Amino acid sequence: MGIAVVLAEIFLPKDFPDSVTPDYVPYQIFDSLQALCSSVTGMLATRAAFKRAGVGDVAATASAATFQRIMQDGTGMVGQIFFAWRLSDRLDSDLKKFRFLADILNDAAVLLDVISPIVIPSFQLHVACIATLCRALCGVCAGSTKAGLSMHFARNGQVADLNAKDGSQETVVNLIGLLLGPIILTVLPEGDVYRTWFVLVIFTALHLFFNYRAVRAVVIPTLNRQRAAILMTAHITGKGKILSPNDVSQQERILGTLQTDRGILVRWQSNDRRNEPAKTPQQPYTVSRKNGRKTTELSLRPNANSVEILMGYYHAHLVLLGLEVEIPDVETRFKEFRKDAEGRGWKIDTTRSSIA
């Protein structure tokens, strides 16, 4: 048994590459590179945190350092609960966005940690608590999106095996970072501010670049609002053209939204209307123009299923693009759209929480 085979068994999922999607390898390569950059910046942040806590200062006390830790940990715990409450229903539909956002927040926390020892002493704890809040939100985003990405990569449902091997890969990267640590800290003594900030900026930029390339490499075949907007706009304006998941992935914005997506307001009908008799029983939604025809509102009935929600979103795009069509025509167009989209590899039946 060759060394390559042994390494593959240790670090790659069982039955690789057939057990994972094609975008697994490029994602893992860039993810490992960003983790290495994060290890370097993390060491600089740790050194700054020790300095802020009073390491090397004869006037510092253990009680003061303990109080700082209690305040930081408490702030992070409360922040984590709050962020999970406010963001949990949005994480699945925008995996790539929140995965990248997690690393932006991590870098923000690192920068705050590094500058905290040099700010006015009375504000140092405030800066440290803000850094902890950034890490709390980073943890919510990173942990939740990792679960979603693992489910996406695992073709045969072997999520546990994939996560275990991913953990092994991260451990190796962290070990490499630990080996680089003494070298970096020796080259960058505490008093060398300019070189420290130069290295910090360079590795932070590399960290964000590799993270961007990692999430850009992911090709998700389910529809959220942005991917649906790209796919539907191309179909409507391109006379039936259906883009593949890879084509849509290249046009998808990691941060921000598309103009067509911003032009559609999606809402559920209020609870007090759930028991009202429907004027059009077979129509699970209504589409109307708002704000001088610049915005289209899609109002969904509470019992609308995934396909009906997507059809309503398709209808809203027709109206937004200036095509006034009757319901039978919408249904005909949407059936063709759905059939062709599924033929190109899109999973249409998993869009309820992602669109509405």
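Given the structure is predicted, the values throughout are model-derived calculations rather than measurements.

A separate point is the overall build of the chain. In terms of regular secondary structure, the chain is built from 13 helices and 3 strands. With the C-alpha coordinates aligned to their principal axes, the bounding extent of the chain is approximately 80 × 60 × 35 Å. Among the 356 residues that make up the chain, the fraction classed as buried is 44%. In the chain, 77% of the contacts between residues at least 6 apart in sequence involve partners at least 24 apart.

Applying the stated criterion to the full structure yields 13 salt bridges. Linking Arg99 and Asp31 is a salt bridge whose minimum nitrogen-to-oxygen distance equals 3.2 Å. With a gap of 68 residues between them, Arg99 in helix α4 (residues 95-115) and Asp31 in helix α2 (residues 24-53) connect regions that are remote in the sequence. Among the ionic pairs, Arg99 bridges to Asp103, the shortest N-O distance being 2.3 Å.

With that settled, consider the nonpolar core. Of all hydrophobic cores here, the largest spans 34 residues; its most connected members are Leu231, Leu310 and Tyr313. Elements with a contribution of two residues or more to this core: α8 (225-237), β1 (264-268), β3 (295-300), α11 (306-320) and α12 (327-343). In terms of residues, this core owes the most to one element, α11, which gives 9 residues.

Here Asn211 lies in helix α7 (residues 193-217). Counting along the chain gives 66 residues from Asn211 to Thr145, while the straight-line C-alpha distance between them is 13 Å. Apart from the residues within four sequence positions on either side, Asn211 is in contact with Gln34, Arg99, Phe100 and Asp103. Reaching out from Asn211, the side chain makes a polar contact with the side chain of Gln34 at a distance of 3.1 Å.

The next thing to look at is the packing of aromatic side chains. In this structure the tally under the stated criterion is 11 aromatic pairs. With centroids separated by 5.7 Å and ring planes inclined at 70 degrees, the aromatic side chains of Phe82 and Trp85 adopt a geometry described as edge-to-face. Here the residue Phe82 and the residue Trp85 both occupy positions in helix α3 (residues 62-91), the gap between them amounting to 3 residues, near one helical turn. One aromatic cluster is present, built from ring pairs that chain together Phe16, Tyr24, Tyr27 and Phe153.

The interhelical angle for the contact between α8 and α12, taken along N-to-C directions, is 120 degrees, at an axis separation of 12 Å. In this structure, the crossing between α8 and α12 has a hand that is right-handed. Facing Leu231, Met232 and His235 of α8, the residues of α12 in contact are Arg333, Phe337 and Ala341. For the contact of α8 with α12, a count of residues per class yields 4 nonpolar, 1 polar and 1 charged.

Side chains of Val172, Ile176, Leu180, Ile183 and Val187 sit close together on the surface and give an oily, nonpolar patch of about 370 Å² of accessible area. Considering the arrangement of structural elements, one finds Val187 in helix α6 (residues 159-187). For Val187, a relative accessible area of 43% puts it in the partly exposed group.

Procedures and definitions
Residues numbered from 1 in each chain as written. Predicted model: local features only at pLDDT ≥ 70, side-chain atom pairs only at ≥ 80, totals over all residues. Heavy atoms only, no water. Helix = DSSP H or I, 4+ residues; strand = E, 2+ residues; numbered from the N terminus. Buried < 20%, exposed > 50% of the residue type's maximum accessible area, 1.4 Å probe, protein only. Contact = heavy atoms within 4.5 Å. Salt bridge = Lys/Arg side-chain N within 4 Å of Asp/Glu carboxyl O. Core = buried A, V, L, I, M, F, W, Y, C linked by side-chain atoms within 4.5 Å. Polar contact = N/O pair within 3.5 Å; in protein donor to acceptor, adjacent residues only side chain to side chain. Phe/Tyr/Trp six-rings, centres within 6.5 Å; stacked < 30°, edge-to-face > 60°. Axes fitted to C-alpha atoms, helices over the stretch in contact; angles between N-to-C directions. Left-handed = near helix turned anticlockwise from the far one by under 90°. Nonpolar A, V, L, I, M, F, W, Y, C, P; charged D, E, K, R; others polar. Patch = residues over 30% accessible without salt bridge, like charges linked within 9 Å, V, L, I, M, F, W, Y side chains within 5 Å. Areas by Shrake-Rupley, 256 points an atom, 1.4 Å probe, with all protein chains shown as cover.

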